[in-house]
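A closer look at the structure
The lines below spell out each chain.
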Amino acid sequence: MDKHPSYEALSPYLSKYPKAAGSLFQTYNDLRLAQQWTDLELVELPGCSRCGMRGRRPQMDDLLCVVPCSLSESLSTDWIRTTFKELGSPPHVYLAINTEDSSIVYYKISPGIVKPPL
C-alpha cells in the first residue's frame, strides 16, 4: 500500500484510524481513479473514528460527501447522526460499504424520514 501513488495523501489517516484504513484506501482510489471525481478532499471525522471525503462527480457542480465503512462493521443511528454533524449537515451522505473482495456499494443516506421519489 505504501508504494501506491495515493498513499502520501492518505498516510496520516491510515495510521490514525487503522480499523477504517482499508475502506478509506479503497474508496478514495475508487472515487479518484475509477469514477474520476474532482476536488476530492479528506475530512477527518473523529467522532466516527475515520475520515470521510468531499468531492464532485464528473460534470457536476454539487459537492458530495462520502463516508467509507466495511460490510462487517455495525453502524448505529447515533453514528450516522455524528457523521452528518461532523460533515456540516449536508443534505445527504453516501455511505461507501466495502467488502472483502474489494467491491464497493454506495448508499445514499438522508437525515430524518425522506419520501422516495415517484
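Here we summarise the structure given alongside this text. Keep in mind that what you see is a predicted model, and the values were worked out from it rather than measured. For every chain, the first residue of the written sequence is number 1, and numbering continues from 1 onward in sequence order. A pLDDT threshold of at least 70 governs which residues receive local features in this predicted model, and a stricter bar of 80 or more applies before side-chain atom pairs are shown or counted, although totals over entire chains, interfaces and linings include all residues. As a convention, hydrogens and water are excluded, and side-chain values are obtained from all of the structure's heavy atoms.

Attention shifts here to the sheet that holds strand β2 (residues 50-56). In short, DSSP must find at least two bridges between two strands for them to pair. For the purposes of this entry, the term helix denotes a DSSP run of H or I that reaches at least four residues, the term strand denotes a run of E that reaches at least two, and both are numbered from the N terminus. Across the sheet, which stays open at both edges, the five strands sit in the order β1-β2-β3-β4-β5 with mixed pairing between neighbours. The open sheet terminates on both sides in strands that have one partner only, identified here as β1 (38-45) and β5 (104-109). Averaged over all pairs of adjacent strands, the angle between strand axes in this sheet comes to 30°, irrespective of strand direction. Relative to β5, strand β4 (residues 93-98) runs antiparallel, the two being bridged by six bridges. The partner of Val93 across the bridge, within β5, is Ile109. What makes two residues a contact is simply this: any of their non-hydrogen atoms within 4.5 Å. Lines fitted to C-alpha atoms define the axes, with helix axes restricted to the stretch in contact, and inter-axis angles between N-to-C directions lie between 0 and 180 degrees. Relative to the sheet, helix α2 (residues 21-34) contacts β1, β2, β3 (64-70), β4 and β5, its axis offset from that of β3 by approximately 140°. Taken strand by strand, helix α3 (residues 77-86) contacts β1, β2, β3, β4 and β5, and its axis lies near 125° from that of β4.

Our focus in this paragraph is the pairing of β1. Side-chain positions along a regular strand alternate between the two faces of the sheet. In the sheet, β1 pairs with β2 via six bridges, with the strands oriented antiparallel. What sits directly across from Thr38, in β2, is Arg56. Counting the residues that bridge the hairpin from β1 to β2 gives four residues, and of these Ser49 lies at a positive phi of roughly 55°.

This paragraph deals with unusual backbone geometry. Of note, Asp39 is a non-glycine position whose phi angle comes to about 55°, a positive value. Backbone geometry at Ser102 places phi at a positive 75°, although glycine is not the residue there. Among the structural elements, Ser102 can be located in the loop between β4 and β5.

Turning our attention to the environment of Trp37. Within the secondary structure, Trp37 is located in the loop between α2 and β1. For every residue, the accessible area (1.4 Å probe, protein chains only) is compared with the maximum for its type, and the residue is labelled buried under 20%, exposed over 50%, or partly exposed between those bounds. On the basis of relative accessibility, which here comes to 6%, the residue Trp37 falls in the buried class. On a C-alpha basis, the gap between Trp37 and Gln59 in space is 9.1 Å, while along the polypeptide they are 22 residues apart. Once you skip the residues sitting within four places of it in the chain, Trp37 turns out to touch Leu31, Arg32, Gly55, Arg56, Arg57, Pro58, Leu64 and Val66.

This part covers the pattern of salt bridges. Pairing between side chains becomes possible if they bear opposite charge and their charged atoms approach one another. Every case where a carboxyl oxygen of Asp or Glu lies within 4 Å of a side-chain nitrogen of Lys or Arg is listed as a salt bridge. One pass over the structure, following the stated rule, counts four salt bridges. With its nearest N and O atoms 2.5 Å apart, the salt bridge here joins Glu44 to Lys16. In this pair, Glu44 is assigned in strand β1 and Lys16 in helix α1 (residues 7-16), connecting sequence segments 28 residues apart. Arg50 is the partner of Glu73 in a salt bridge, and the nearest nitrogen-oxygen pair spans 2.5 Å. Of this pair, Glu73 sits in the loop between β3 and α3 while Arg50 sits in strand β2, and the two are 23 residues apart along the sequence. By relative accessible area, Glu73 is classed as partly exposed at 27%.

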